[in-house]
Amino acid sequence: MINKILPTLRDAVADIKDGATVMIGGFGGAGMPNELVDALREHGAKNLTIVNNNAGNGDFGLALLIKEKRVRKIICSFPRQADSHHFDAAYRSGELELELVPQGNLSERIRAAGVGVAGFYVRTTFGTPLAEGKEIREFNGVPFVLQEPIHADFALIKADKGDRWGNLVYRKAARNFGPVMAMAAKCTVATVHEIVELGALDPEAVITPGIFVKRIVQIPYVPTPGMKSKV
Amino acid sequence: MAWTKDQLAARVAQDIPTGSVVNLGIGMPTSVANHIPATHEIILHSENGILGMGPAPAPGEEDFDLINAGKQPVTLNAGASYFHSADSFGMMRAGHLDVCVLGAFQVSEKGDLANWHTGAKDAIPAVGGAMDLAIGAKKTFVMMDHVTKSGASKIVPHCSYPLTGVGCVARVYTDLAVLEVGPNGAKLVELAPGVSFEEMQGKTGVVVGR
């Protein structure tokens, strides 16, 4: 019997090794798998490369992982927020490497890793500092910038409902990076608020097919807390 | 006299035809939504994976799984849909959006945009969806003050701040005027009420055609 359901968050992150690349879903607070990030922090892995749209805020989740100097590098689009003080301090001290990627390039580079695409070209960033060092190629007279996939060892994502095969549906705009990160990592761990029987999820409505998910852990539903707006 | 921020938002809204799919940037552009005529049907796109975004919820009804790009709670209109981030940015990159309205630090007369980084050494860079949006929509409008707090023109021959996109801006809406920008330079579309061409030109860092 295929059963991807694990009893605890701790079990789900137990084999994340030092130096691993870990994708963390979420846009602002929506879809941030804080429970899994806390489990990763308690587990103790360090020297991590983190991929997230942001770089932590407040004094919880990813921000604490950064505060405790467990993150070597972060790949993200928008680290600066009203309460990103732990990121700000680590970045300014020079201890934390930042790869700043426009959000569309970030999401597509993640998707490319998930679908076996070795590289692709976009117009985005042409003529800007973020294209420096990247190959430029013209198609029909228009310059495009080469983008390479972002692979990960683990993806930690938050979904709403799942079944033992790993099929997932999400909650509202908390979907954001979850589906593409699930595809891009060797091992995707999803939390869900409800585990349902096989067949209970409408096949027409499954967002992430179970093939992309290795582990599922049920957690209680807690309303996503509000965030301070972008500065 | 010049346009107030509200009047400016209403002026931008005039140039968004009914049926358009529109992305409104964070800050001043967000207020354009309040001025879409009731007779118009506009679909608002949010970079985090929403089409058909509605207004802010009533107090007590906020759900922070349903937020806009500025991370403020929003609602959905009938007909709305959710999708993942790569699809959302694919909608931009491939030109499926009709209009996007962005804020800016500087716009060049050729339509180059600088709106993500002042280039200050100690500033923490953050780009978000700015570069994707700038080059993505069929038409990119910029909505900004005509001059900086110190009085310098934000419409410039060449952007001194790091670029967000090259030649991507079609129109600039300021408190003083609406200008077209592009390969042929800046051209006047409309002056705000009570603003003379000479006054506007005197505050503009490039020669404005008329």
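See the structure printed just above.
Analysis parameters
Residues numbered from 1 in each chain as written. Chains lettered and ligands numbered in written order. Predicted model: local features only at pLDDT ≥ 70, side-chain atom pairs only at ≥ 80, totals over all residues. Pairing = 2+ DSSP bridges. Helix = DSSP H or I, 4+ residues; strand = E, 2+ residues; numbered from the N terminus. Buried ≥ 20, exposed ≤ 12 C-beta atoms within 10 Å, placed from the backbone. Expected span 1.5 Å × (residues − 1). Contact = placed C-beta atoms within 7 Å.

Novice: Even after reading the chapter, I still don't get the sheet that holds strand S7 (residues 113-114) of chain B, so can you show me in this structure?
Specialist: Strand pairing in a sheet relies on backbone hydrogen bonds. The paired strands run either parallel or antiparallel. Residue and element names in this part refer to chain B. Taking strand neighbours across the sheet as the criterion, the three strands line up as S7-S6-S9 in an open arrangement whose pairing is mixed. Whereas interior strands pair on both sides, the edge strands pair on one side only; in this sheet they are S7 and strand S9 (155-156). With two bridges joining them, strand S6 (residues 106-108) and S9 adopt parallel strand pairing. By the bridge assignment, Ser108 is partnered in S9 with Val156.

Novice: Any chance you could explain the sheet that holds strand S12 (residues 194-195) of chain A here in plain terms?
Specialist: Residue and element names in this part refer to chain A. Strand order in the open sheet made by the three strands is S10-S9-S12, with mixed pairing throughout. Here the strands that pair on one side only, and so sit at the sheet edges, are strand S10 (168-169) and S12. Relative to S12, strand S9 (residues 161-162) is paired through two bridges, and the arrangement is parallel. What sits directly across from Lys161, in S12, is Glu194.

Novice: Honestly, unusual backbone geometry in this entry has me stumped. Any pointers?
Specialist: Across residues other than glycine, the phi torsion is negative in most instances, and most of the peptide bonds are trans. Residue and element names in this part refer to chain A. For Thr125, which is not a glycine, the phi torsion comes out positive at approximately 85°. Tracing the chain through its elements places Thr125 in the loop between strand S5 (120-122) and strand S6 (136-139). Phi at Lys172 is positive, roughly 50°, even though this residue is not glycine. With respect to the element layout, Lys172 can be found in the loop between S10 and helix H6 (178-184). With 19 C-beta atoms counted inside 10 Å, the residue Lys172 sits in the partly exposed group.

Novice: I tried to follow helix H5 (residues 103-114) of chain A on my own but got confused; where do I start?
Specialist: Three- or four-residue spacings in an α-helix give side chains the same orientation, since the helix completes a turn every 3.6 residues. Along its 12 residues, H5 of chain A runs 17 Å from first to last C-alpha, staying within 8% of the 16 Å computed at 1.5 Å per residue. Within H5 of chain A, 12 of the 12 residues are buried, leaving the element largely enclosed by the surrounding structure. Residues of H5 of chain A that are buried sit in contact with strand S1 (21-24), S5, strand S7 (142-147) and H6 of chain A together with helix H2 (85-93) and helix H3 (130-136) of chain B. Where H5 of chain A terminates, the next one or two residues include Gly116 of chain A, which has phi positive at roughly 75°.

Novice: Would you mind going over H2 of chain B with me for this structure?
Specialist: Most of H2 of chain B is tucked away, with seven of its nine residues classed as buried. Within H2 of chain B, the full set of buried residues consists of Ser85, Ala86, Ser88, Phe89, Met91, Met92 and Arg93 of chain B. Where H2 of chain B is buried, its residues meet H5, S5 and H6 of chain A together with strand S2 (43-46) and H3 of chain B. Just past H2 of chain B, the residue Gly95 of chain B takes up positive phi, approximately 80°.

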